[in-house]
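Now for the letters of each chain:
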Amino acid sequence: MVSAIALLSSQAFAQATGESGETAMTFGDIIVTAQKREQKLQDVGLSITALGGDMLQSMGVRESVDVVAQVPNVQNISVYGPGMNPNFSIRGVSLPDFNDFTESSVSTYNDEIYLVANGAGSFPAFDLNRVEVLRGPQGTLFGRNTTGGIVHFISNKPTSNELLIDAEAEYGRFESRRFTGVINAPLGDGIAVRFAGIYQNNDPWIKNDFGQPDSGAVETYAVRSQLGFDNGGPFKAIAKFEYGHAEGPASCYHHVQSFRDPVTGLAETPAPSNKLNPWRRCNNNTVQELIGASSYNGALNMSYDFGDVTLTSVTGFNHYGRDSIEDYTFGPYDGQARYQSRSEHYSQELRLSKTGPTTDWTMGLYYLHQNGSIHYAAPVFAADLGGGLAGPPFFVADAQGTLQLRSYGLFGNLEHHLTDQLSVAVGARWTKDNKHFQQDLFYNFTDDNLTDFWPDNPFGSSVTGVFASNIFTDAAVGDLTRLKKGSLSAKAQLNYKPTDNSLVYASVSRGTKGAGFNNGFIEISAAPSAVPYKAELAYVYEAGVKTDLLDRKLTLNGSVFYYDYKNYHAFGFGVIGGFITNKKARLYGAELELSARPFDGLMANIGLGLLDSTIYDVTTPAPSNVTYHTREMALAPAWSLNGLVRYEFGLGSGTMAVQGDFKATSKYQTDILNNPATVIPSYEVFNGRIEYRGPGDSYRIALFCKNLLNSKYRVSAFDLTTSFSTVNEQFAPPRWWGISIGYKFRQ
C-alpha cells in the first residue's frame, strides 16, 4: 500500500519539476524509485510510504529511526541510542538481536547503498530529499535480507541551475541545540557541488539515582559532500562522501528485579527494583556511555543513456565502528559490558534498464564484500562497594570474533502491459553468500577490580582461570565456520487499472534472508552445530488498491497480506546469552491510508495497520523448558494508528502553517517468549508545530513541541531474568519544545 499522503507532496512536486526538494508544501505527482526507475507513486503496485524532506523536518525527524512516526505497521527499538544498532520492524518482521554481525530482516539503504552494519543505519537526518519505506519482500531488485522490507534514505542532489545557501538554528528544552547548513553551487558545464552539515547536542534528561552521570545527553555531527555532473547529455554522475559521529551518555536502563515462574517458565516482575518513579530516572550502578560511533560512506553513481537502454553503475563503501559501555544488570551482582566493533564493506551494482511502450525491464549484477570484527567484554562483579567501585568480578565474559562475507547476485525484473489496463510483472534474483565466521568466547576468572577495566583498559584483565568457553574456530570445529549458500528470491504480480486514477494489484513473493551465525555473547553451552542458523524463507501473498477520488482531493490506499515462514529467524535469551533459532511462523494483516485535501491549504492524513502474528513451538530457558505451541512475534502490535493534520494560509507576505500529528499502538511483545515482564503497553503520543515562512521561502521560524501531552510510556524492555534476575527497560523522552529559525538564499 502506498502512502500517497500530502505529507510528502512538497518533495513530489520538487521531483516532478526537477528541483532538489526545497519547495513549499504543494500537492503534485509523487515520484519514487522503488523499482529502480522513476515512477508515479500511485502507479507502483507496491506497499510504499514516502516522506518528503520538508515534511520530515516539520515532523521533527532528527534521527533516521524517527521516520517510523507516520508509517503504518512500522516500529523501531533503538536500545542504545543514536549511532548504534536500530531495529526496524515492518509488518511485525524484525530481528531484535543487537549483536553486530547479525543482519536485520529490514534493510537500510542510503542513496542506493545497502548498509550491512546495523549501526550504520542510525544517523542524523538532514538535507534529505525523501525517505521511501517499502513493505514486504524486496529481494528481486534490492537483494538479500529484505523479507520485512527496506527503509531507503535519499539525499538532495547537486543541481547546476541555481546557487543555494540554506542555514537553520534550533534551540529547545534540555539545552538542545541543532545547526544545519547547505550550500549548492553550480560550477558550469553541468557540474555542481553540494555541501551539507549538521551539529546537534543536548543536556541529560534522565536522572541517575546511584551517583553515576545522568543520561540522555548526546552529541552528533555529520558532513556530506557531493559532486554532480549532468549537462543534459546521456552521461550523468554523482560522487558522494559523508561522515557522521555520535557520542555521550545517550541512554541508560531502569533495571527491574525479575524472576522466572517455575511453572510457566516466563519472566515476571513482582515490583520495581527501587521505589522511585522510573520515568526520567535510571538505576545504573556503573557508567553507561557511547564512547563513540562513527560511519564513513562513499558512493559513486554513474549512468549512460544509450537511447533504448540505460546502463547504471552504483559503487558504495561504508566503514562503521563503535565503542560503548553498557550497565546491564542490577541486584546481587554489578554487571557492565564494553562493546567494540568494526565493519567495512564495499558493494558494486551494474544494471541495464529499459522503459518501452509495452514492456519495462531491469536486469543486473551485484557484488558485496564485508570484513568485520568484534570484541566484547563483560565483567560481572560480586558486589557494589559504593562510590563507583565494585568487588572482584565473579567472572569476565570475553568474546572476540571476525566475519568475512562475499555475496554475489544476479537479478531481473520485467513488466509487460497486456492491455492498456492490465499488466503482468515477474522478477527473480539469485544470490550466493560465502561467509566465514570465527569466535572465541571465554568466561574467565580474574582478581582484578572495576578500576582495572574501565575506561582505559577494558580488555586487559589478568586471567587466573577459565571455567567455561565456547570456541568456534577453524581449528576447533572445522568447516562449520563457513557457509556457502545460494538463495532464490522471486515475485509474480498482476496490475489492473480500471480507471486512470486507480490501481488494483495482487502478488506472490518468495522472500529470503541469508543464513548466518550466532555471535557475540551467545549461549556459552551451545553446541558448535547450533551456532550457524539456516536461511529464512517466506512466501508472501498480497493484494492492494490505490485510488484518487473527488478530483484527487481524496486518496485511499489499502492492502492485505499473508506471510508463510519457513525457518523464521527467532531470537531469544537463554540461560546466560542470546540465540537465534529457526522456527515456523506466519502472520497476516492489513494497512489502510487515507489522505484528504478538501480545499487549498488543508491536508489531513490517517494510517491504520493491523497485524496477527504467530511463531510456533517456542521453548523457555532451562530449567523449566516449557514449550509453547504459539507465541506472538516481537514488535508486532495488533494495531497501530498514525495521523497528521496541517493547515497553511497566507499571512502578510508569507505563509503560516499549523500542524498536529500523532501515533498510537496497541501493546506488543519485545521477545518471542512473550514474557509478561517485557511487554510494551499501549501508548499514544501527540506532537504540534506552528511555522511561518517568508516570501519565496526566504526565511522561516517555527515553534514545535514533541510529546505534547507529556505521555509516559515504555519503549523497550529485554529479559536477563535467567542469568541476572533483571529486566532492563527504557522510557520515551518527556515533553520537548523548541524554536527554530532558518534562512534561505537562492539565485
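What counts and what doesn't
Residues numbered from 1 in each chain as written. Predicted model: local features only at pLDDT ≥ 70, side-chain atom pairs only at ≥ 80, totals over all residues. Heavy atoms only, no water. Helix = DSSP H or I, 4+ residues; strand = E, 2+ residues; numbered from the N terminus. Buried < 20%, exposed > 50% of the residue type's maximum accessible area, 1.4 Å probe, protein only. Contact = heavy atoms within 4.5 Å. Lys, Arg positive; Asp, Glu negative; His and termini not counted. Charge placed at Lys NZ, Arg CZ, Asp CG, Glu CD. Pairing = 2+ DSSP bridges. Salt bridge = Lys/Arg side-chain N within 4 Å of Asp/Glu carboxyl O. Polar contact = N/O pair within 3.5 Å; in protein donor to acceptor, adjacent residues only side chain to side chain. Axes fitted to C-alpha atoms, helices over the stretch in contact; angles between N-to-C directions. Core = buried A, V, L, I, M, F, W, Y, C linked by side-chain atoms within 4.5 Å. Phe/Tyr/Trp six-rings, centres within 6.5 Å; stacked < 30°, edge-to-face > 60°. Lys NZ or Arg CZ within 6 Å of the ring centre and 35° of its normal.

Notes on the overall build of the protein
- Assigned secondary structure in the protein consists of five helices and 44 strands.
- Counting only C-alpha atoms, the protein reaches 70 × 55 × 50 Å along its principal axes.
- Put simply, the protein has 747 residues, and 60% of those count as buried.
- Look at the contacts in the protein between residues 6 or more apart in sequence, and 69% of them connect residues 24 or more apart.
- Taking the average place of the 59 positive charges on the side chains of the protein and the average place of its 73 negative ones, the gap between the two points comes to 4 Å.

Concerning the pairing of strand β29 (residues 482-496)
- When strand β27 (residues 422-446) meets β29, the two strands line up antiparallel, connected through 15 bridges. Bridge assignment links K435 to a residue of β29, and that residue is L483.
- Bridge analysis of β29 against strand β30 (residues 502-513) gives seven bridges, and the strand direction is antiparallel. Following the sheet pairing, A490 is matched in β30 by R510.
- Between β29 and β30, which pair antiparallel and follow one another directly, the connecting turn spans five residues.

Considering the pairing of β27
- Both β27 and strand β28 (residues 463-472) contribute to a ladder of eight bridges, which runs antiparallel. Residue pairing for β28: L441 is matched across the bridge by N470.

A word on the pattern of salt bridges
- Using the criterion set out here, one finds 37 salt bridges in the structure.
- As a salt-bridge pair, R91 and E591 come within 2.9 Å of each other at their nearest N and O atoms. One end of the pair, R91, is in the loop between β5 (88-90) and β6 (106-110); the other, E591, is in strand β35 (residues 578-596), and 500 residues separate them in sequence. Note on accessibility: R91 and E591 belong to one class, buried.
- Between R646 and E691 there is a salt bridge whose closest N-O contact spans 2.7 Å. Taken together, the residues span a long stretch of sequence, with R646 in strand β38 (residues 639-651) and E691 in strand β40 (residues 683-693) at a distance of 45 residues.
- A relative accessible area of 1% means that R646 is categorised as buried.
- Taking the relative accessible area as the measure of exposure, E691 reaches 4% and is therefore buried.
- If you follow the salt bridges from partner to partner, you end up with D166, E168, R646, E648, R689, E691, R693, D697, R700 and K744 in one network.

Regarding the side chain of T512
- Positionally, T512 belongs in strand β30.
- Given a relative accessible area of 8%, T512 falls into the buried group.
- A polar contact is formed between the side chain of T512 and the side chain of S489, at a distance of 3.0 Å.

Thoughts on unusual backbone geometry
- The linkage connecting A622 with the following residue, P623, adopts the cis geometry, with an omega of 10°.
- Within the fold, P623 resides in the loop between β36 (602-619) and β37 (627-631).
- The phi torsion at K36 lies on the positive side, around 60°, for a residue other than glycine.
- Along the polypeptide, K36 turns up in the loop between β1 (31-32) and β2 (39-40).
- Residue L550 is not a glycine yet carries a positive backbone phi of 50°.
- Relative to the assigned elements, L550 resides in the loop between β33 (536-549) and β34 (554-573).

Digging into the sheet that holds strand β16 (residues 254-257)
- In space, the three strands of this open sheet follow the order β16-β43-β42, with antiparallel pairing throughout. The open sheet has two free edges, formed respectively by β16 and β42 (714-720), since each of these has just one partner strand. The mean inter-strand angle of the sheet, taken between neighbouring strand axes irrespective of direction, is 25°.
- By the bridge criterion, six bridges tie β42 to strand β43 (residues 726-731) in an arrangement that is antiparallel. Bridge pairing links A717 to E729 in β43.

Regarding the sheet that holds strand β7 (residues 113-114)
- If you walk across this open sheet you meet the five strands as β3-β8-β9-β6-β7, and the pairing is mixed. Taken across any chain shown, the strands that pair with only one partner, and hence form the sheet edges, are β3 (47-52) and β7.
- In this structure, β6 lies alongside β7, joined through two bridges in antiparallel fashion. Considered in β7, the bridge of Y109 is made with Y114.

Quick notes on the nonpolar core
- Judged by nonpolar contacts, the single largest core of 72 residues is most densely connected at V67, V131, V151 and F521.
- When residues no more than four places from it in sequence are discounted, the contact partners of V151 are V67, F88, I90, V106, S107, T108, Y109, V131, E132 and V133.

Some details on the packing of aromatic side chains
- This model, assessed by the stated rule, comprises 28 aromatic pairs.
- Pairwise contacts between aromatic rings join F101, F437, F472 and F517 into one cluster.
- The aromatic ring of F142 is capped on one face by K36, whose charged end is 4.8 Å from the ring centroid.
- Over the aromatic face of F704 sits the side chain of R62, whose NZ or CZ is 5.6 Å from the ring centroid.

Some points on the environment of F571
- Position of F571 among the secondary structure elements: in strand β34.
- Look at F571 and you get buried, because its relative accessible area is 9%.
- Residues F571 and M633 lie 62 residues apart in sequence; the distance between their C-alpha atoms is 10.0 Å.
- Not counting residues up to four positions away in its chain, the partners in contact with F571 are L95, P96, D97, G578, F579, I580 and I672.

Side note on the environment of A526
- Tracing the backbone shows A526 in the loop between β31 (516-517) and β32 (532-533).
- What makes A526 buried here is its relative accessible area of 14%.
- Once the C-alpha coordinates of A526 and G577 are considered, the two residues, 51 residues apart in sequence, prove to be 9.7 Å apart.

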